[in-house]
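Each chain, written out:
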Amino acid sequence: MATVGNSTNIFWQESPIGRLERQKLLNQKGCVVWITGLSGSGKSTLAFSVNKELYSRGKLSYILDGDNLRHGLNKNLCFSAEDRTENIRRVGEVAKLFADAGLICIASLISPYRKDRDACRAMLPDSNFIEARLLVDVFMNMPLELCEARDPKGLYKLARAGKIKGFTGIDDPYEPPLNCEIEIKQKDGVCPTPNAMAGQVVSYLEEEGYLHF
């Protein structure tokens, strides 16, 4: 009898067409680009810019946006610590499937807790496919003051007024990555343009061999 989680009699079914065959078909290597940072740091802007640049190069990618996922896959979750962990776990599992399909999956979420991001990284089997890590951690290292000044969704204002509880950066912590592959931050007080940020990420993917098979 096989047991997986709380289920019994569950067996893994191996397809005769695997990751290598799919990657060869697409002429690229599947991976996950995980963009983390405070609300308003520019995660979605970067995700869309990277997606556009990859498309222009004929590379197949897909964006998993944190807000969008809460309209469907994660709509039954709130923002407690436990639900945040489950939110990230679900996104990690979906991102893993996209990478296995040979796509470049761009996950854009605050993902405030280091242990949850590390758990997603651990889901990806590096040795199965290339030596480079399958999860590329992109840290949008923008100061809280800048993110709050931008406040594109008006959430910081609501959090400061006490109308939103457990808001990351205000009354709930954000744990920055310790060993991210890419860190994007201001230079001399100026934020890089979306194209410049996307170029930094895509150049990394090119150098690490993800954009060809």
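Before any of the text, the structure's been laid out above.
So, here's what we can say about the structure. (Residues numbered from 1 in each chain as written. Predicted model: local features only at pLDDT ≥ 70, side-chain atom pairs only at ≥ 80, totals over all residues. Heavy atoms only, no water.)

### Things to note about the overall build of the chain
For clarity, the cut-off: Numbered from the N terminus, helices here are DSSP runs of H or I no shorter than four residues, and strands are runs of E no shorter than two. Put simply, the radius of gyration uses C-alpha atoms, and a globule should come to 2.2 Å times the residue count raised to 0.38. Buried, partly exposed and exposed residues are distinguished by accessible area as a fraction of the type maximum, computed with a 1.4 Å probe on protein chains only: under 20%, between the cut-offs, and over 50%, respectively. Any two residues whose heavy atoms approach within 4.5 Å are treated as being in contact. Here the Shrake-Rupley method, with its probe set to 1.4 Å, supplies the accessible areas, and only the displayed protein chains count as covering residues.
A count of helical and extended segments in the chain gives eight helices and seven strands. A globule of 213 residues ought to have a C-alpha radius of gyration of about 17 Å, and the chain, at 18 Å, matches this closely. For the chain, the proportion of its 213 residues judged to be buried stands at 44%. Relative to all contacts within the chain whose residues are 6 or more apart in sequence, the contacts with residues 24 or more apart total 74%. Summing over all exposed atoms, the chain offers an accessible surface of approximately 11,700 Å²; the carbon and sulfur share of this is 54%.

### Some points on the nonpolar core
Using the following cut-off: Only buried residues count toward a nonpolar core, which is a set of Ala, Val, Leu, Ile, Met, Phe, Trp, Tyr and Cys residues joined through side-chain atoms within 4.5 Å.
Membership of the largest hydrophobic core comes to 32 residues, with the highest contact counts inside it found for Val33, Leu46, Val138, Ile184, Val201 and Leu205. Among the secondary structure elements, those contributing two or more residues to this core are β3 (31-36), α2 (43-56), β5 (104-108), β6 (135-141), α6 (144-150), α7 (155-160), β7 (182-185) and α8 (194-207). When residues of this core are assigned to their parent elements, the largest contribution, six residues, is made by α8. Leaving out residues up to four positions away in the same chain, valine 138 has contacts with Val33, Trp34, Ile35, Thr36, Leu46, Ile182, Ile184 and Val201. Counting residues in each nonpolar core, the second largest holds 15 residues, with Leu64, Ala95, Ala99 and Leu124 among its members.

### A closer look at the sheet that holds β5
Using the following cut-off: A pair of strands is considered paired only if DSSP assigns at least 2 bridges between the two. Axes here refer to lines fitted to C-alpha atoms; in helices the fit is confined to the stretch in contact. Angles between the N-to-C directions go from 0 to 180 degrees.
As summarised here, the arrangement of the five strands in space is β4-β5-β3-β6-β7, forming an open sheet in which the pairing is parallel. What marks the edges here is a single partner per strand, and that holds for β4 (61-65) and β7. When strand polarity is set aside, the average angle formed by the axes of neighbouring strands in this sheet is 20 degrees. Together, β3 and β6 form the strand contacts of helix α5 (residues 114-123), whose direction differs from that of β6 by roughly 155 degrees.

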